[in-house]
Amino acid sequence: MTRLEMIRVTDPLFVQYTEQALQIAGDGYVWIQQFPAGKQHVITTMFNDQGQLVQTYIDICLRHGRDATGIFWDDLMLDLVLLPSGEYFVLDAEELETALTAGEITREDYDRSWQEINRLQQQIRTAGFVPSPLACAHADLFRQMNNSR
């Protein structure tokens, strides 16, 4: 797990999935990344400056781990965004198609990426995928540690 605490941000970052822009980075925002063992995804849970969940961003990857240079993951392009409302969005499908056509990834990796997205979507629909409680617990723990200093 990693934690990114944004103290002062020059340009806040906004994304748009629906008609409303959503701020995902700014002063006081915190991102917590989880690297589930044996899974083909990395989870980044984003909190605003009030500690409220903003979104959960899931990068589909071939693998992830740690080496001499730090934490890494081999990105398979597809991403899944889960909002606190329960809405979710698959991102970068065109990027994955382009990578396949250009020979940057194999058909096997292309299929693996879609299989992981489909598996996660099924888990979300059946409430079998709940990364946020763990990330929220970690965020609370970090806040307590910072307040006790």
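Relevant structure appears above.
Just so you know, these numbers come straight off a predicted model, no measurement behind them.

(A) Summary view of helix 2 (residues 107-125). Over its 19 residues, helix 2 runs 27 Å from end to end, which matches the ideal 27 Å to within 8%, given 1.5 Å per residue. The set of residues buried in helix 2 consists of Asp109, Tyr110, Ser113, Glu116, Ile117, Leu120, Gln121 and Ile124. The buried side chains of helix 2 occupy one side of the element, clustering within an arc of 130° when seen end-on. In helix 2, the exposed positions that point more than 90 degrees away from the buried face belong to Glu108, Gln115 and Arg125. Positive backbone phi, approximately 60°, marks Ala127, located one or two places after helix 2.

(B) Spatial organisation of the nonpolar core. In terms of nonpolar packing, the biggest core is built from 16 residues, with Ile58, Ile60, Leu80, Leu96 and Ile105 touching the most fellow members. Those elements that provide at least two residues to this core are strand 6 (53-67), strand 7 (70-82), helix 1 (93-101) and helix 2. Looking at which element gives the most residues to this core, the answer is strand 7, with 5 residues. The residues contacting Ile105, other than those within four sequence positions of it, are Met77, Leu96, Ala99, Leu100 and Tyr110.

(C) Broad picture of the sheet that holds strand 6. Strand order across the open sheet formed by 6 strands is 1-4-5-6-7-8, with antiparallel pairing between neighbours. Two strands lie at the open edges of the sheet, namely strand 1 (2-5) and strand 8 (88-91), each paired on one side alone. Along the sheet, successive strands turn relative to each other by an average axial angle of 35°, direction set aside. Bridge analysis of strand 5 (residues 41-47) against strand 6 gives 7 bridges, and the strand direction is antiparallel. Paired with Phe47 across the two strands is Leu53, which belongs to strand 6. The strands that helix 1 touches are strand 7 and strand 8; relative to strand 7, the one it contacts most, it runs at about 120°. Along the sheet, helix 2 makes contact with strand 5, strand 6, strand 7 and strand 8, crossing strand 7 at roughly 60°.

Cut-offs applied
Residues numbered from 1 in each chain as written. Predicted model: local features only at pLDDT ≥ 70, side-chain atom pairs only at ≥ 80, totals over all residues. Heavy atoms only, no water. Helix = DSSP H or I, 4+ residues; strand = E, 2+ residues; numbered from the N terminus. Expected span 1.5 Å × (residues − 1). Buried < 20%, exposed > 50% of the residue type's maximum accessible area, 1.4 Å probe, protein only. Arc of directions from axis to C-beta. Core = buried A, V, L, I, M, F, W, Y, C linked by side-chain atoms within 4.5 Å. Contact = heavy atoms within 4.5 Å. Pairing = 2+ DSSP bridges. Axes fitted to C-alpha atoms, helices over the stretch in contact; angles between N-to-C directions.

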